[in-house]
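# A closer look at the structure
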Amino acid sequence: MKSLLVAAVLLIAAPFAFADITETYGWEGSATILGNYGDIICSIDTDPIHGGSQSLKLVDDAESGTPQAYVGWVVGLSDGDVVTASFWRYDTTPAAAPSCRIWGGWNDDPTDIYNYGGSASGQSEYGPGTGWDLAEYTWTVEGGHTGLVIQVRTYSEAGDTVWVDDMTITAPDGAEIRTPDYIMALSSDTWAAIKATF
Ligand SMILES: [Ca+2]
């Protein structure tokens, strides 16, 4: 009887245990990015837009290398977890810069977006360069990493400008998805107090 009950609970719980969580962000407020690597200037713009009335404008300001804007951060991951992220990107220069790609970096400290655990790879193609197109990539967590920073990588000369809008991030239930309006408002001490309360 007890094993039947356990089986029944597992059957009921299973769909929820494997459910995904999704967050979207359309740059409709004042928050731009969560952080950056290299010289990149990010601001809210009103033209072009994909959805709503605002988008994110990214100006490559690096003399060399590929700057990265951190637009998403997923924490609480473990090996085998699958994370998919997408955003709409805009440039009008086919087969030439300016352009951008969606990319990932492993992160192993949920209190520090600048903790860097190496490249998690990303999109190989730069898009048609004929206006808006959807940039999307799916990562499978490996190597014991617990977080993933989702980046916009811009190419390739100082002054090159692209826009992104309407980001969607999907992760397994139990992970936490942070978008640019995420603020580390609570200190770790406050978090400990909150956790202790529950
Ligand atoms: Ca928007």
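Residues numbered from 1 in each chain as written. Predicted model: local features only at pLDDT ≥ 70, side-chain atom pairs only at ≥ 80, totals over all residues. Heavy atoms only, no water.

### Section: a negative patch on the surface
- Together, Asp39, Asp61, Glu63 and Glu157 make up a region of like negative charge exposed at the surface.
- The topology assignment puts glutamate 157 in the loop between strand 10 (147–155) and strand 11 (161–172). (Patch = residues over 30% accessible without salt bridge, like charges linked within 9 Å, V, L, I, M, F, W, Y side chains within 5 Å. Areas by Shrake-Rupley, 256 points an atom, 1.4 Å probe, with all protein chains shown as cover. Salt bridge = Lys/Arg side-chain N within 4 Å of Asp/Glu carboxyl O. Lys, Arg positive; Asp, Glu negative; His and termini not counted. Charge placed at Lys NZ, Arg CZ, Asp CG, Glu CD. Helix = DSSP H or I, 4+ residues; strand = E, 2+ residues; numbered from the N terminus.)

### Looking at the coordination of the calcium ion
- Coordination of the calcium ion by the protein comes from Gly26 (O), Glu28 (OE), Gly51 (O), Gln54 (O), Asp165 (OD) and Asp165 (OD), over a distance range of 2.2 to 2.7 Å.
- Around the calcium ion, the six donor atoms sit at angles spanning 50 to 161°, and that spread fits a shape best called irregular.
- For the calcium ion, the single-chain donor residues occur in sequence as G-x1-E-x22-G-x2-Q-x110-D. In this pair, glycine 26 sits in the loop between strand 1 (20–25) and strand 2 (35–37) while glycine 51 sits in the loop between strand 3 (40–45) and strand 4 (55–60), placing the two residues 25 residues apart along the sequence.
- On the accessibility criterion, glycine 26 (16% relative accessible area) is buried. (Donors = N, O, S within 2.8 Å, 3.2 Å for Na, K, Ca; no water. Tetrahedral: all angles 85-135°; square planar, octahedral: opposite > 155°, others 65-115°. Buried < 20%, exposed > 50% of the residue type's maximum accessible area, 1.4 Å probe, protein only.)

### As for the packing of aromatic side chains
- The tally for this structure, following the rule as stated, stands at seven aromatic pairs.
- Between the aromatic rings of tyrosine 126 and tyrosine 155, the centroid separation amounts to 5.0 Å while the plane-to-plane angle is 80°, which identifies the pairing as edge-to-face. Here tyrosine 155 lies in strand 10 and tyrosine 126 lies in the loop between strand 8 (119–122) and strand 9 (131–140), a separation of 29 residues in the sequence.
- Judged by its relative accessible area of 10%, tyrosine 155 is buried.
- These aromatic residues form a ring-pair network of at least three members: Tyr90, Trp132 and Trp163.
- Its guanidinium or amino end placed over the ring of tryptophan 73, arginine 178 lies 4.6 Å from that ring's centre, counting from NZ or CZ. (Phe/Tyr/Trp six-rings, centres within 6.5 Å; stacked < 30°, edge-to-face > 60°. Lys NZ or Arg CZ within 6 Å of the ring centre and 35° of its normal.)

### Quick word on the side chain of aspartate 165
- One can find aspartate 165 in strand 11.
- In this structure, aspartate 165 is buried with no salt-bridge partner, the nearest side chain bearing the opposite charge being arginine 89 at 14 Å.
- Here the side chain of aspartate 165 touches histidine 50 through a polar contact of 2.9 Å, landing on its backbone nitrogen.
- A distance of 3.0 Å separates a polar side-chain atom of aspartate 165 from the backbone nitrogen of glycine 51.
- Apart from the residues within four sequence positions on either side, aspartate 165 is in contact with Gly26, Trp27, Ile49, His50, Gly51, Gln54, Ser55, Phe87, Trp88 and Trp132. (Polar contact = N/O pair within 3.5 Å; in protein donor to acceptor, adjacent residues only side chain to side chain. Contact = heavy atoms within 4.5 Å.)

### Describing the side chain of arginine 101
- With respect to the secondary-structure elements, arginine 101 resides in strand 7 (residues 99–107).
- At 3.0 Å, the side chain of arginine 101 forms a polar contact with the side chain of tyrosine 155.
- Excluding residues that lie within four positions of it along the chain, arginine 101 makes contacts with Phe87, Arg89, Gln123, Ser124, Glu125, Tyr126, Gln151, Val152, Arg153 and Tyr155.

### Topic: the pairing of strand 6 (residues 82–91)
- Here strand 6 runs beside strand 9; their pairing, made up of ten bridges, is antiparallel. By the bridge assignment for strand 9, tyrosine 90 is matched with tryptophan 132.
- Across six bridges, strand 6 lies against strand 11 in antiparallel orientation. Residue pairing for strand 11: tyrosine 90 is matched across the bridge by tryptophan 163. (Pairing = 2+ DSSP bridges.)

### Description of the environment of glycine 131
- Relative to the elements of secondary structure, glycine 131 occurs in strand 9.
- Classification of glycine 131 by relative accessible area gives buried; the value is 8%.
- Separated by 39 residues in sequence, glycine 131 and threonine 92 place their C-alpha atoms 5.3 Å apart.
- Contacts of glycine 131, omitting those with residues within four sequence positions, involve Arg89, Tyr90, Asp91 and Thr92.

### What about the pattern of salt bridges?
- Under the counting rule described, the total for this entry stands at three salt bridges.
- Two residues, arginine 89 and glutamate 125, come together in a salt bridge whose shortest N-O distance is 3.1 Å. You can see arginine 89 sitting in strand 6 and its partner glutamate 125 sitting in the loop between strand 8 and strand 9, a full 36 residues away along the chain.
- Ionic pairing is found between arginine 178 and glutamate 176, a salt bridge with its closest N-O pair at 2.9 Å.
- Here the salt bridges do not stand alone but share partners, grouping Arg89, Glu125 and Asp133 into one network.

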